[in-house]
Amino acid sequence: MIGRVHSIESFGTVDGPGIRMVIFLSGCPMRCLYCHNPDTWDPKGGTPTTVDELLEQFEKARPFYRKGGITVSGGEPLVQIGFVTELFEAAKARGIHTCLDTSGITFQPDSPGILDRFDRLMAVTDLVLLDIKHIDPKEHEILCGQPQAPVMAFAAYLDRKKIPVWIRHVVVPGITDKPEDLYRLGTYLAALRNVKALDVLPYHDMGKVKYHSLGIPYALEDVPPLSKEKAREARTIILDGFRDGRSHP
C-alpha cells in the first residue's frame, strides 16, 4: 500500500514517549482556525511512500528510538487509515511502539465497515494522542468546520477498548480559554478511565506565514499568541474539573 507522506521528523520528543520517528501524513477534513499546517490539508499532496520505506528509515536510527517508537500524525492520519494500519501491523511485528496522533474526526460508530477498520487499527496501536479542540459542540463546529460528535464517540470507543490516551488541547485567546469551558473539559475527561496524560498547548501564530505564502486568509490574524503561563493556568482549571469529576462521578 502507498501512503502520502507530507514530512518526517526523525527525532521527535513531544509526540509520545521517548525519542520517536514522527510521520506526518497528508489529508485533513478539519479546517481549524488555528491550524499551523494548511499545507497538509490536501489528501493528494505529499510524497508517495511505502511501509517498507518508512521502516527502513526507522531501522537506520533504531538505537536512538530504544525507548520511543513511531508516531503517525497529520494532517489527519485517519484519512489514510488503511496505510496507518499496515504500517502499525508491520511495526508491531518488529517490536516497535506505535502511537497515533488524531482528532478522531473520521470515526463513525454506526458504520460496521468503518468500525471493523478501527478495530483492526486499534489492535496494533499502543497509544493515542487525542486532540480535543473544543468541549462545546457549537463552538467546535465554528472552530473546526466539522461536528464534534465523531470526536466524542471516538473518545468513548477508546475508553471501551482500554487504549491508553494522552489528551491534547490548544488554548486560543478568546476561543478556547474560557474558564467554564476548561473546567467542563476537565469534568468530561474525568469520566474516561483511559486518560494517562494531559497536554495543554498555548496557541502560536507561527503558521501565519504559510497562509500568506499559499494565498489563504488567516482567520486569527489579530489573535496574539498565548503565553506559557496562561497555558499553565488553563491546565490547572482543567485539572480542577478533572479532580471534581472523579470525586463526584
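Residues numbered from 1 in each chain as written. Predicted model: local features only at pLDDT ≥ 70, side-chain atom pairs only at ≥ 80, totals over all residues. Heavy atoms only, no water.

The name an unreviewed UniProt entry gives the chain is Pyruvate formate-lyase-activating enzyme, with Candidatus Enterocloster excrementipullorum as the organism. Looking at the Subcellular location (unreviewed entry) heading of the UniProt record, one finds this comment for the chain: "Cytoplasm". UniProt annotates the chain under Function (unreviewed entry) with the comment "Activation of pyruvate formate-lyase under anaerobic conditions by generation of an organic free radical, using S-adenosylmethionine and reduced flavodoxin as cosubstrates to produce 5'-deoxy-adenosine." (UniProt positions renumbered as here; feature names shortened; annotations may be inferred.)

### Here we look at the pattern of salt bridges
Taken as a whole and assessed by the stated rule, the structure comprises 15 salt bridges. In this structure, Glu89 engages Arg120 in a salt bridge whose closest nitrogen and oxygen atoms are separated by 2.7 Å. Taken as a pair, Glu89 in helix α2 (residues 81-93) and Arg120 in helix α3 (residues 112-122) lie far apart in primary sequence, 31 residues in all. With its nearest N and O atoms 2.7 Å apart, the salt bridge here joins Asp240 to Arg243. Residue Asp240 and its partner Arg243 are both found in helix α8 (residues 228-247); the two are separated by 3 residues, about one turn of the helix. (Salt bridge = Lys/Arg side-chain N within 4 Å of Asp/Glu carboxyl O. Helix = DSSP H or I, 4+ residues; strand = E, 2+ residues; numbered from the N terminus.)

### Looking at the side chain of Gln80
Among the structural elements, Gln80 can be located in the loop between β4 (69-73) and α2. Polar side-chain contacts of Gln80 include one of 2.9 Å to the backbone oxygen of Ser26. With near-sequence residues (within four places) excluded, Gln80 lies in contact with Gly3, Arg4, Leu25 and Ser26. (Polar contact = N/O pair within 3.5 Å; in protein donor to acceptor, adjacent residues only side chain to side chain. Contact = heavy atoms within 4.5 Å.)

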